[in-house]
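Topology and contacts: notes
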Amino acid sequence: MKQNYSRENPFYAKITERKPLCTVDSGKEIYHLVVDLQGSGISYEVGDCLAILPSNHPVKVDQLLKVLGLNVKDHLLDPRSGVEVEAGELLGKRLNINDCPLSLVKKLAESQKEDNLQNLLNDKQKVKELDLVHFLERYGTGQLSVQEIVNSLRPMMPRFYSIASSMDTVGDEVHLTVALGKCFIDGVKRHGVCTDYLCHQVPLHQQELPVYLHPHRGFTLPGNHTAPIIMVGPGTGIAPFRGFMQQREKVAAHPKHWLFFGDWTKENHYYYGDYWENLASKGMLRLDLAFSRDQAEKIYVQHRMHENGKELFAWLQEGAYFYVCGNASKMAKDVDQALHQVLEEHGNLSSEDAKAYVKQMRSDKRYLRDVY
């Protein structure tokens, strides 16, 4: 049976395991989740993502209902569908109730003509950091109706998580590696909506997690099972490569697999370390690790690439596929720069020739990235 699930028609799965991958005092909260897909007909490939449709934290929903003077059973129009739904459903599952949209600030400023609001509008960065409940508590709702406020809110968007397993190995399950997002915005401690939902809110063994499959766009293993692969996945960027290696074990691929992994400390942040070490002991995986806080100087995956540049270039010359997964804003850029420098230094290429080499790798779909 082929799955036809979507944002509008998700499958309701259940989380059967939620295991912390860090110690309590490690400074991070990273979890390994097992999601049961039995009965869904969902079939996935390594490199695919699982789309999750989260719910807002119930405390946050209650706070907003109170600010707006609503009862959970009151009815409002869903701005996206035009369908009348209960306020608890609308604010709990269908709308983003953390962020305060600029359009709402503008509407309230127009209705109130208050100087503080006008001044706030001049600081776009501060508007981006507003907490919706605190904003409405501070400035009130003015002349705006509840429906007008609701109409200004953004829809709840699905989140996509790299699948950390191979279906050939785990069957009707999806494994995920989830980092609980934490930050302070507008003086309020915030957790990521979906990460908090997955790590703290969804009860175990209950079929109430709305999901659907988000297929990869080329970020998967090569069809040639003997092609060497180089994987760069610090932090939770490690997730898809666990699936890659489970799949490569199943097809008895040759042992030319190379993983660059890093995080803060080896003791507390070596996710799935036993698995990687076992593969390495069997000759199935070459490991290069970079734990930034285990020594005085900061060491990252790009430094390990430089240190092993000669062999890295040799692998690329053999036709190795080069994968990067993780943070787009810093890590992926640093890794890309390191790749160019390795080509220049160990391939004796000019800067322009190194760029052309990388461009050809992209064209041949041998340089693949899943960054966020």
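The structure presented is a predicted model; accordingly, all values stated were derived computationally and were not measured. (Residues numbered from 1 in each chain as written. Predicted model: local features only at pLDDT ≥ 70, side-chain atom pairs only at ≥ 80, totals over all residues. Heavy atoms only, no water.)

Before going further, it helps to spend a moment on the pairing of strand 3 (residues 49–52). Taking every second residue as pointing to the same face, both faces of strand 3 are buried, with C49 and A51 on one and L50 and I52 on the other. Relative to strand 6 (residues 159–162), strand 3 runs antiparallel, the two sharing four bridges. Counterpart to C49 in the pairing with strand 6 is S162. In this structure, strand 3 lies alongside strand 10 (residues 209–214), joined through four bridges in antiparallel fashion. From the neighbouring strand, A51 faces strand 10, where its bridge partner is Y212. (Buried < 20%, exposed > 50% of the residue type's maximum accessible area, 1.4 Å probe, protein only. Helix = DSSP H or I, 4+ residues; strand = E, 2+ residues; numbered from the N terminus. Pairing = 2+ DSSP bridges.)

Here the focus is the packing of helix 14 (residues 309–317) against helix 15 (residues 331–346). Two elements in contact, helix 14 and helix 15, have axes whose closest approach is 9 Å; the angle formed by their N-to-C orientations is 95°. Here helix 15 runs roughly perpendicular to helix 14, going by the angle between their axes. Of the residues in helix 15, those in contact with G309, K310, L312, F313 and L316 of helix 14 are L339, V342, L343 and H346. Its residues assigned to classes, the contact of helix 14 with helix 15 shows six nonpolar, two polar and one charged. (Axes fitted to C-alpha atoms, helices over the stretch in contact; angles between N-to-C directions. Parallel < 35°, antiparallel > 145°, perpendicular 65-115°, else oblique. Contact = heavy atoms within 4.5 Å. Nonpolar A, V, L, I, M, F, W, Y, C, P; charged D, E, K, R; others polar.)

This part takes up the nonpolar core. Core analysis: the biggest nonpolar cluster contains 31 residues, and L91, V105 and F135 have the highest contact counts within it. Going through the elements one at a time, helix 1 (58–68), helix 2 (87–94), helix 3 (102–112), helix 4 (115–121), helix 6 (132–139) and helix 7 (146–152) are the ones with two or more residues in this core. The biggest single contributor to this core is helix 6, with five residues. Apart from residues lying up to four places away in sequence, F135 is in contact with C100, V105, L108, L117, L120, L130 and G140. Core analysis: the second largest hydrophobic core is formed by 29 residues, C22, Y270, Y275 and L368 among them. (Core = buried A, V, L, I, M, F, W, Y, C linked by side-chain atoms within 4.5 Å.)

Turning to the packing of helix 3 against helix 6, a few remarks are in order. At a minimum axis distance of 12 Å, the contact between helix 3 and helix 6 shows a crossing angle of 5°. Here helix 3 is positioned roughly parallel relative to helix 6, judged by the angle of their axes. Listed contacts from helix 6 to L104, V105, L108 and Q112 of helix 3 are L132, F135 and Y139.

On to the layout of surface pockets. Each pocket or cavity is described by its volume, and for the largest pocket that value is around 660 Å³. Partitioning the lining of the largest pocket into residue classes produces 11 nonpolar, eight polar and six charged. Space inside the second largest pocket adds up to approximately 540 Å³. Mapped onto the lining of the second largest pocket, the elements with two or more residues apiece are helix 2 and helix 9 (193–201). Counting residues per element, the lining of the second largest pocket draws most heavily on helix 2, which supplies three residues. A breakdown of the residues in the lining of the second largest pocket according to their chemical character gives 10 nonpolar, three polar and eight charged. (1 Å grid on protein atoms, 1.4 Å probe; cavity = no way out; pocket = protein on both sides within 12 Å on 5 of 7 lines; lining within 4 Å. Points joined across faces, edges and corners; volume = space filled by probe spheres on them.)

A word on the sheet that holds strand 14 (residues 321–326). Overall, parallel pairing links the five strands, which are arranged 13-12-11-14-15 in an open sheet. In the strand order of this sheet, the two ends are held by strand 13 (286–291) and strand 15 (367–371), each with one partner. With strand direction ignored, the average angle separating the axes of adjacent strands in the sheet is 10°. Sitting on the sheet, helix 10 (residues 239–250) is in contact with strand 11 (229–232), strand 12 (257–263) and strand 14, with an inclination near 155° to strand 11.

If you check which residues of helix 3 are buried, you get L104, V105, L108 and A109. One side of helix 3 carries all its buried residues, which in axial view fall inside an arc of 135°. Buried residues along helix 3 sit against helix 4, helix 5 (124–128), helix 6 and helix 7. Phi for K113, located one or two positions after helix 3, is positive at around 55°. (Arc of directions from axis to C-beta.)

In this section: unusual backbone geometry. Of note, H205 is a non-glycine position whose phi angle comes to about 65°, a positive value. Here H205 lies in the loop between helix 9 and strand 10. The backbone phi angle of N348 is positive, close to 50°, even though this residue is not glycine. Mapped onto the fold, N348 is located in the loop between helix 15 and helix 16 (351–363). In this structure N348 comes out as exposed when scored by relative accessible area, which is 69%.

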